[in-house]
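If you want the building blocks of each chain, they are given just below.
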Amino acid sequence: MARTQRVTLKEIAAQTGVSLTTISKVLNGAADVSSATRALVEEQLRRSGYRRRRSKDRREYIEVVLHELDGDWALAVIEGVRESAAEAGLAISLSVSGDRRAPGAEWLDAVVRRGPTGIILLFADVPPQGRATLKARGIPFVIIDPAGDPAPGIPSVGSANWSGGLAATRHLLELGHRRIAAITGPEEVMSSLARLDGYRAAMTSAGAAIEPEWIRYGDFQREGGERHAGELLDLADPPTAIFAGNDLQALGVLYAAQARGVAVPGGLSVVGYDDLAIAELARPRLTTVHQPLREMAEQATKLLLQQLDEPQPDVTRVELATSLVLRDSTAAPVR
């Protein structure tokens, strides 16, 4: 089968009326190009399917981009990428940018100048213009998706959030709990909603009522978990169990219970999510949903490396299973 002829920069110049020098500046992220010219060139690069040839002199490394270095979660992912990259003879670098949804706009120009082998992002998405820019420069990327809502066709790796919420709540129901509250993450984050939907599905299938005040949207931080748990425990008829949307919030639940003299698990059962190191170190040790963070990072690195050989891989979405880890923070309710 004949190979598709590669589009050249000379052809891009003829199609846009922009000089080769200016096109080169756009490709290399130079600042001295007008926004209109940059947009024109970027659009023609995208429409033509142009992919930049990789330079043999380019430094071989993977750039890991996240919105914050938030302890164990980030470290588990970074270590997973580092190990897989090392096996392929690549180093890694770290960038902090943007928010939970996407990296900041300033990051895109900087990464174009740096020219990594590929990029792994811990965000929900990359804006369309950013995707086109990375594709035009021949820089593949993969999202390790904490939000659970990647755009169609975007290479991404996630985990089964709904199943995790279902398993956590079913465990509490099987112990005999019926007054079960949930402190999930931010309302605009899809993983928060998916875990909450799993909770709702388990409660509904068991015929257990869900009181409106039992549903809380947190911020995935310990302080938020402590605040929401305190409000729940101060209710006239408090829940006997709480499913927290991550381990940091679950730790906050333990703090709130201790401050009120509520024994865990004697007076309150608690289930977390993620299975970070703090789940094992907490007292009592946290029952939690294991999210395979290192495995997610390893799969993301493999998917990234695959794109170097196959620019349009057959598989663009990988979803790994979660599992419940039983420890000391759950027990049957006191009758």
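Since this is a predicted model, take the numbers as computed values, not measurements.

Q: Whenever I open this one, the overall build of the protein confuses me. Can you help?
A: Assigned secondary structure in the protein consists of 12 helices and 12 strands. Here the protein holds 335 residues, and the buried ones make up 50% of them. Long-range contacts, defined as pairs at least 24 residues apart, comprise 71% of the intrachain contacts of the protein with a sequence gap of at least 6. Accessible surface, the protein: about 15300 Å² in total, of which carbon and sulfur atoms supply 51%.

Q: What am I meant to see in a nonpolar patch on the surface here?
A: On the surface, a cluster of nonpolar side chains totalling about 290 Å² of accessible area is made up of Leu-69, Leu-94 and Val-96. Among the structural elements, Leu-69 can be located in the loop between β1 (61–66) and α4 (72–87).

Q: How should I be thinking about the pattern of salt bridges in this particular structure?
A: Where charged atoms from two side chains of opposite charge come close, those side chains can pair. This model, assessed by the stated rule, comprises 13 salt bridges. Its salt-bridge partner being Glu-63, residue Arg-114 comes within 2.7 Å of it at the nearest N-O pair. One end of the pair, Arg-114, is in helix α5 (residues 105–114); the other, Glu-63, is in strand β1, and 51 residues separate them in sequence. Owing to a relative accessible area of 0%, Glu-63 belongs among the buried residues under this scheme. Between Arg-222 and Glu-223 there is a salt bridge, with its nearest N and O atoms 3.4 Å apart. Taken together, the shared-partner salt bridges in this structure form one network comprising Asp-275, Glu-280, Arg-285, Arg-327 and Asp-328.

Q: What exactly am I supposed to notice about the side chain of Asn-161 here?
A: Examined against the element boundaries, Asn-161 turns out to sit in helix α7 (residues 161–174). At 2.8 Å, the side chain of Asn-161 and the side chain of Arg-195 are in polar contact. For Asn-161, the residues in contact, after removing those within four places along its chain, are Ser-191, Ala-194, Arg-195, Tyr-273 and Gln-291.

Q: Before we go on, may I ask you to explain the confidence of the model for the protein in this structure?
A: Atom-level detail of predicted coordinates should not be read off regions where pLDDT is low. When the pLDDT values of the protein are averaged, the result is 87; 90% of them are 70 or greater. This stretch, residues 55–59, has a pLDDT under 50; its non-local contacts, to residues over four places away or in other chains, come to 7 contacts.

Q: Would you explain the sheet that holds strand β6 (residues 180–184) in this entry?
A: Two modes of strand pairing occur in sheets, parallel and antiparallel, and in both the strands are linked by backbone hydrogen bonds. Pairing is mixed in the open sheet, where 6 strands are placed in the order β7-β6-β8-β9-β10-β12. Both edges of this open sheet fall to β7 (215–217) and β12 (323–325), since each of them pairs with a single strand only. Each neighbouring strand pair of the sheet contributes to a mean axis angle of 20°, computed without reference to strand direction. Of the strand pairs in this sheet, β6 and β7 are connected by 3 bridges, and their pairing is parallel. Bridge pairing links Thr-184 to Tyr-217 in β7. On top of the sheet, helix α8 (residues 190–205) reaches β6, β7, β8 (241–244) and β9 (269–274); it is set at about 170° to β6, its chief contact.

Q: In this structure, what is going on with the packing of helix α2 (residues 20–27) against helix α3 (residues 35–48)? I would like to understand it.
A: Any two packed helices are characterised by how steeply their axes cross, that is the angle between the axes, and by the distance between the axes. It is the contact of α2 with α3, at a shortest axis distance of 10 Å, that shows an interaxial angle of 85°. As summarised for this structure, α2 and α3 are arranged roughly perpendicular, according to the angle between their axes. Each of Thr-22, Ile-23, Val-26 and Leu-27 in α2 lies in contact with α3, whose residues at this interface are Thr-37, Arg-38, Val-41, Glu-42 and Leu-45. In the contact of α2 with α3, the residues fall into 5 nonpolar, 2 polar and 2 charged.

Q: Is there a simple way to explain the packing of aromatic side chains in this structure?
A: Any pair of aromatic rings gets described here by the distance separating the centres and the angle formed by the planes. Under the counting rule described, the total for this entry stands at 1 aromatic pair. Between the aromatic rings of Phe-243 and Tyr-273, the centroid separation amounts to 6.5 Å while the plane-to-plane angle is 50°, which identifies the pairing as tilted. You can see Phe-243 sitting in strand β8 and its partner Tyr-273 sitting in strand β9, a full 30 residues away along the chain. Judged by relative accessible area, which is 3%, Phe-243 ranks as buried. A relative accessible area of 0% means that Tyr-273 is categorised as buried. Cation over ring: Arg-195 sits above Tyr-273, and NZ or CZ is 3.8 Å from the ring centre.

Criteria and cut-off values
Position numbers for residues start from 1 in each chain and track the written sequence from start to end. At least 70 in pLDDT is required for a residue's local features to be given in this predicted model, at least 80 for side-chain atom pairs to be given and counted, and no such filter applies to totals for whole chains, interfaces and linings, which use all residues. To obtain the side-chain values, all non-hydrogen atoms of the structure were used and water was disregarded. Strands are runs of DSSP state E lasting at least 2 residues, helices are runs of H or I lasting at least 4, and numbering of each runs from the N terminus. Buried, partly exposed and exposed residues are distinguished by accessible area as a fraction of the type maximum, computed with a 1.4 Å probe on protein chains only: under 20%, between the cut-offs, and over 50%, respectively. Here, residues are in contact when the closest pair of their heavy atoms is within 4.5 Å. Note that accessible areas follow from Shrake-Rupley with a 1.4 Å probe, and for residues the cover is restricted to the protein chains shown. Patch construction takes residues with relative accessible area above 30% that form no salt bridge. Like charges are linked within 9 Å, and nonpolar side chains (Val, Leu, Ile, Met, Phe, Trp, Tyr) are linked within 5 Å. Salt bridges are identified by distance alone: a Lys or Arg side-chain nitrogen within 4 Å of an Asp or Glu carboxyl oxygen. Any pair of nitrogen or oxygen atoms within 3.5 Å is treated as a polar contact; in protein, a donor-acceptor pairing is required on top of that, and neighbouring residues in sequence qualify only through side-chain atoms on both sides. A residue's pLDDT is simply how confident the predictor is in it, with values from 0 to 100. At least two DSSP bridges between two strands are required for those strands to pair. A fitted line through C-alpha atoms represents every axis, and for helices the fit uses only the stretch in contact; the resulting angles, taken between N-to-C directions, go from 0 to 180 degrees. Working rule for angles: under 35 degrees goes down as roughly parallel, over 145 as roughly antiparallel, 65 to 115 as roughly perpendicular, anything else as oblique. The nonpolar class holds Ala, Val, Leu, Ile, Met, Phe, Trp, Tyr, Cys and Pro. Asp, Glu, Lys and Arg form the charged class, and all remaining residues, Gly among them, are polar. Two rings from Phe, Tyr or Trp (for Trp, the six-membered ring) form a pair when their centres sit within 6.5 Å of each other. Planes less than 30 degrees apart are called stacked, planes more than 60 degrees apart edge-to-face, and all others tilted. Whether a charge lies above a ring is judged from NZ of Lys or CZ of Arg, which has to be within 6 Å of the ring centre and within 35 degrees of the ring normal.

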